[in-house]
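If you want the building blocks of each chain, they are given just below.
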Amino acid sequence: MEIPPQEAPPEPGADAEAVVEAEAEADADTEEAPAEAGPPSPASPPADGRLKAAAKRVTFPSDEDIVSGAVEPKDPWRHAQNVTVEEVIGAYRQACQKLSCRQIPKLLRQLQEFTDLEHRIDCLDLKGEKLDYKTCEALEEVFKRLQFKVVDLEQTNLDEDGASALFDMIEYYESATHLNISFNKHIGTRGWQAAAHMMRKTSCLQYLDARNTPLLDHSAPFVARALRIRSSLAVLHLENASLSGRPLMLLATALKMNVNLRELYLADNKLNGLQDSAQLGNLLKFNCSLQILDLRNNHVLDSGLAYICEGLKEQRKGLVTLVLWNNQLTHTGMAFLGMTLPHTQSLETLNLGHNPIGNEGVRNLKNGLIGNRSVLRLGLASTKLTCEGAVAVAEFIAESPRLLRLDLRENEIKTGGLMALSLALKVNHSLLRLDLDREPKKEAVKSFIETQKALLAEIQNGCKRNFVLVREREEKEQQLQLSTSMPEITVTAPQPLESGDAPPAAAQNGAPSPGLGPDSDSDSVSDGEEEEEEEDGQRKDTSSGQSPSVPCPALVPPTDSLGPGDRSPPGSPSSPTEQRISVSSPGRGHKVFVVTRVESPPERAEPPAPSSLDSPPSPLLLPTPVLPTAEATGTQDPGSPQPESPQPGPPLPNGLKPEFALALPPEPPPGPEVKGGSCGLEHELHCPQDEKALEELLLEASQEAAQETL
């Protein structure tokens, strides 16, 4: 009899695997479940030795029950509202008692002197005070209530814990815009890490002074990352921070992408002429926002200057000041620099002091300086120059139209060199300061000492003369700019009517004022300005010499250019409501505009204008002359034919009167009698010859504008 094969016992962990597989098969709901360790249930018979997995469901709470609560972030300035000095001092003393640390008398004296607590206070000076961790924690009561422009923590003996606490406070409360942490040699890696976090997160920090604070290999990556990503720093001092090697490489690589830093000070870091200088050259190739690079007291050498010059050639804009003081540069390096200077466009200050350049080095530099168009200040102090080198410098001074300052102190420049410099200053009008040793140099001939003194005096007088000339030139430019931006406007008083003069008939009949309308573009220069000036002068003559019954041709300002309050019944040029506004612009002569403001009379019932005159307004906003009529003048030659009196109507949108529009041919010409009558009336007016010519020009212009309107 055969014995049926028995099932193998379940392996260890089979239950956990069965649960995982059951959850996976519940979603599919089509696969069979693996065999379990226990016997199958009688309610669910086995299918092929496996159990059917039971269906599972997943439910979620309602939307209202998902979020149980919310907590608002703490306001860092909840303690700084309407705070007083007594409250700040009391909170600080209470914190010191709680932490069992000493109070800082220097801090208490400064807190008592503060008056304006609503704005940033100028300075919080803790220089020289020993700050341990507990003392730094007590300072939080001050930082949470007050903000400062400068926080000076120089030489405060900060350790890692104290530095981390202080930097976190300054970052959280935005306590300072200028921070000085120099001469703290023990802030360590955690201190620099907190400082990097502060640089990255604080948007108000613009100045960081970390002189004589070592930035070592294990701390440099934090600072480099902060400067590369986001940093509001504009000035960074890292003098004597042990940057040579990997720290400088990380720093220069990060600053290639920085666009906010403007000043970088890397003095006294023992930077070499190979790898370090190559990193600086690459930095100058890619960073065009850096303006000041200070490399004094390093070991750049001529080889390193070659790398820097390669970067300078790529600086189309950016670097303004380059300091290479005391870097063991010789005439070989000056050859590289002389070839680079003609390509620089933004470099204004070049300091090469305390380098053994010598006369040959200045000769190599001379042609580059002459070809340069940007250098304003040149430092050559203590560069082993003699009279021969001074002559080369004098040649550059004579050729330079923009050099402002030159430093030649601590050089052996004697009578010959001083004479060359004095002659160069006679043709140079830009150099304002030439620094030379006050005491004359020793000479074999004693009389030359007096000559040196006289030459030194001449050089100083030349600089003073240039200073006076520059000041006068600046004053003239300021006056010219002021007169250009602010044209002089004078308003004359209204001219009263003479006794016995009656208002002209044109005003009684509602004719427009014979004044010039405001120009739509008074600054544009056109050929018609002279004609307008002549017309203004003629109007003055005619208004004073002719009787009021013979008005001059009037120019009507366009109605579009006048406001509702400016429309009023005009009067003659000599009406008491008239004001003459004189506007003078430099280089354009003197133009006179006459503006008249009067009230409009009650309108009479007038028949509507003919439908043939309904036309869109003219796009030209030019003044249009109105022909004088017999009723307007009041005087008429009895022998001349009287023109037909047109029906009055409302003014047209373009400023024309209906009387003038009726005198033009709309569809068929109404007849030559109107035109002839108006011409005959013009000949009857007693006007000078040039006035008639002006009337004809205005008539032709008005007819062209009216034809475009119709």
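In this report, the structure presented in the accompanying data block is examined. (Residues numbered from 1 in each chain as written. Predicted model: local features only at pLDDT ≥ 70, side-chain atom pairs only at ≥ 80, totals over all residues. Heavy atoms only, no water.)

## Brief notes about the overall build of the protein
Test applied: Under the DSSP-based scheme used, a helix requires at least four consecutive residues in state H or I and a strand at least two consecutive residues in state E, with every element numbered from the N terminus. Three exposure classes are used, based on accessible area relative to the maximum for each residue type with a 1.4 Å probe and protein chains only: buried under 20%, partly exposed in between, and exposed over 50%. Here, residues are in contact when the closest pair of their heavy atoms is within 4.5 Å. Computed with a 1.4 Å probe, the accessible areas rest on the Shrake-Rupley method; for each residue, only the protein chains presented here act as cover.
Check the secondary structure of the protein and you find 23 helices and 17 strands. Burial statistics for the protein: of 710 residues in total, 41% are counted as buried. Sequence-distant contacts in the protein: of pairs separated by 6 or more residues, those separated by 24 or more amount to 82%. On the protein, roughly 39900 Å² of surface is accessible, and the fraction owed to carbon and sulfur atoms is 53%.

## A look at the side chain of Asn298
Our working definition: In protein, a polar contact requires one atom able to donate a hydrogen and another able to accept it; more generally it is a pair of N or O atoms within 3.5 Å, and residues adjacent in sequence count only if both atoms are side-chain atoms.
Within the element layout of this structure, Asn298 appears in the loop between strand 7 (292-294) and helix 12 (301-313). Reaching out from Asn298, the side chain makes a polar contact with the backbone oxygen of Leu295 at a distance of 3.0 Å. One polar contact links the side chain of Asn298 to the main-chain carbonyl oxygen of Arg296, over a distance of 3.2 Å.

## A few points about the pattern of salt bridges
For clarity, the cut-off: Here, a salt bridge means any side-chain nitrogen of Lys or Arg that lies within 4 Å of a carboxyl oxygen of Asp or Glu.
According to the stated counting rule, one finds 18 salt bridges in the structure shown. Where Glu129 meets Arg102, a salt bridge forms, and the shortest distance between an N and an O atom there is 3.8 Å. In this pair, Glu129 is assigned in the loop between strand 1 (121-125) and helix 5 (133-138) and Arg102 in the loop between helix 3 (85-99) and helix 4 (105-113), connecting sequence segments 27 residues apart. Judged by relative accessible area, Glu129 falls into the buried class, the value being 17%.

## Looking at empty space enclosed by the protein
To keep things clear, this is the line we draw: The method works on a 1 Å grid over the protein atoms by themselves. A cavity is a set of points holding a 1.4 Å probe that cannot get out, a pocket is an open set with protein on both sides within 12 Å along at least five of seven lines, and residues with an atom within 4 Å of a point line them. Grid points are joined across faces, edges and corners, and a volume is the space filled by probe spheres set on the points. Polar here means any residue other than Ala, Val, Leu, Ile, Met, Phe, Trp, Tyr, Cys and Pro, which are nonpolar, and Asp, Glu, Lys and Arg, which are charged; Gly is therefore polar.
In the structure shown here, the tally under the stated rule is 7 cavities of 30 Å³ or more. As a volume, the largest cavity reaches approximately 70 Å³. Taken together, Leu408, Asn411, Ile413, Leu418, Leu436, Asp437, Glu439, Pro440, Lys441, Gln452 and Leu456 form the lining of the largest cavity. In the lining of the largest cavity, the residues fall into 6 nonpolar, 2 polar and 3 charged.

## Observations regarding a negative patch on the surface
To keep it simple, the criterion reads: The patch calculation keeps residues exceeding 30% relative accessible area without a salt bridge and links them within 9 Å when they carry like charges or within 5 Å when they are nonpolar (Val, Leu, Ile, Met, Phe, Trp, Tyr). Under this rule, positive means Lys or Arg and negative means Asp or Glu; His and the chain ends count for nothing. Charged side chains are reduced to one point each, which is NZ for Lys, CZ for Arg, CG for Asp and CD for Glu.
Residues Glu472, Glu474, Glu475 and Glu477 make up a contiguous surface patch of negative charge. Within the element layout of this structure, Glu472 appears in helix 17 (residues 447-485). With a relative accessible area of 40%, Glu472 lands in the partly exposed category.

## Regarding the pairing of strand 2 (residues 148-152)
So the rule is basically this: By definition, two strands form a pair when at least two bridges between them are found by DSSP.
In the sheet, strand 1 pairs with strand 2 via 4 bridges, with the strands oriented parallel. Bridged to Asp125 within strand 2 is Asp152. When strand 2 meets strand 3 (residues 178-180), the two strands line up parallel, connected through 3 bridges. Each residue of the ladder has a partner; that of Val151, found in strand 3, is Leu179.

## Observations concerning the packing of helix 8 (residues 188-201) against helix 9 (residues 220-229)
The cut-off we apply is this: Axis definition: a line fitted to C-alpha atoms, over the contacting stretch in the case of helices. Angles run 0 to 180 degrees between N-to-C directions. Roughly parallel here means an angle under 35 degrees, roughly antiparallel means over 145, roughly perpendicular means 65 to 115, and every remaining angle is called oblique.
Taken N-terminus to C-terminus, the directions of helix 8 and helix 9 make an angle of 5°; their axes are 8 Å apart at the nearest point. By the criterion of interaxial angle, the relationship of helix 8 to helix 9 is roughly parallel. Here Thr189, Trp192, Gln193, Ala196, Met199 and Arg200 of helix 8 come into contact with helix 9, specifically with Phe222, Val223, Ala226, Leu227 and Ile229. Split by residue class, the contact of helix 8 with helix 9 holds 8 nonpolar, 2 polar and 1 charged.

## Digging into helix 13 (residues 331-340)
To keep things clear, this is the line we draw: The arc under discussion is defined with respect to the helix axis, by the directions toward the C-beta atoms.
Buried within helix 13 we find Gly333, Met334, Leu337, Gly338 and Thr340. One side of helix 13 holds all its buried residues, which, seen down the axis, span an arc of 155°. As for helix 13, its buried residues are in contact with helix 12, strand 9 (349-351) and helix 14 (358-371).

## A short note on the sheet that holds strand 2
Strand order across the open sheet formed by 12 strands is 1-2-3-4-5-6-7-8-9-10-11-12, with parallel pairing between neighbours. Of all strands in the sheet, those with a lone pairing partner are strand 1 and strand 12 (433-435), marking the two edges. Each adjacent strand pair in this sheet contributes to an overall mean axis angle of 5°, direction not counted. Here strand 10 (residues 377-379) pairs with strand 11 (residues 405-407) via 3 bridges, running parallel. Bridge pairing in strand 11 places Gly379 opposite Asp407.

## Some words on the environment of Thr213
The residue Thr213 is located in the loop between strand 4 (207-209) and helix 9 in this model. Look at Thr213 and you get buried, because its relative accessible area is 0%. Residues Thr213 and Gln155, 58 residues apart in the sequence, show an inter-C-alpha distance of 9.7 Å. Excluding residues within four positions of it along the chain, Thr213 makes contact with Ile181, Ser182, Phe183, Asn184, Ile187, Trp192, Asn240 and Ala241.

## Concerning the nonpolar core
Stated formally: Put simply, buried Ala, Val, Leu, Ile, Met, Phe, Trp, Tyr and Cys residues joined by side-chain atoms within 4.5 Å make one nonpolar core.
Among the nonpolar cores identified, the biggest contains 117 residues, and Leu146, Leu179, Leu266, Leu352, Leu406, Leu408 and Leu434 are the most heavily contacted of them. In contact with Leu266, other than residues within four places in its own chain, are Leu238, Leu243, Leu248, Leu251, Leu271, Leu280, Leu293, Asp294, Leu295 and Asn298.

Remember, this is a structural readout, not a statement about activity or role.
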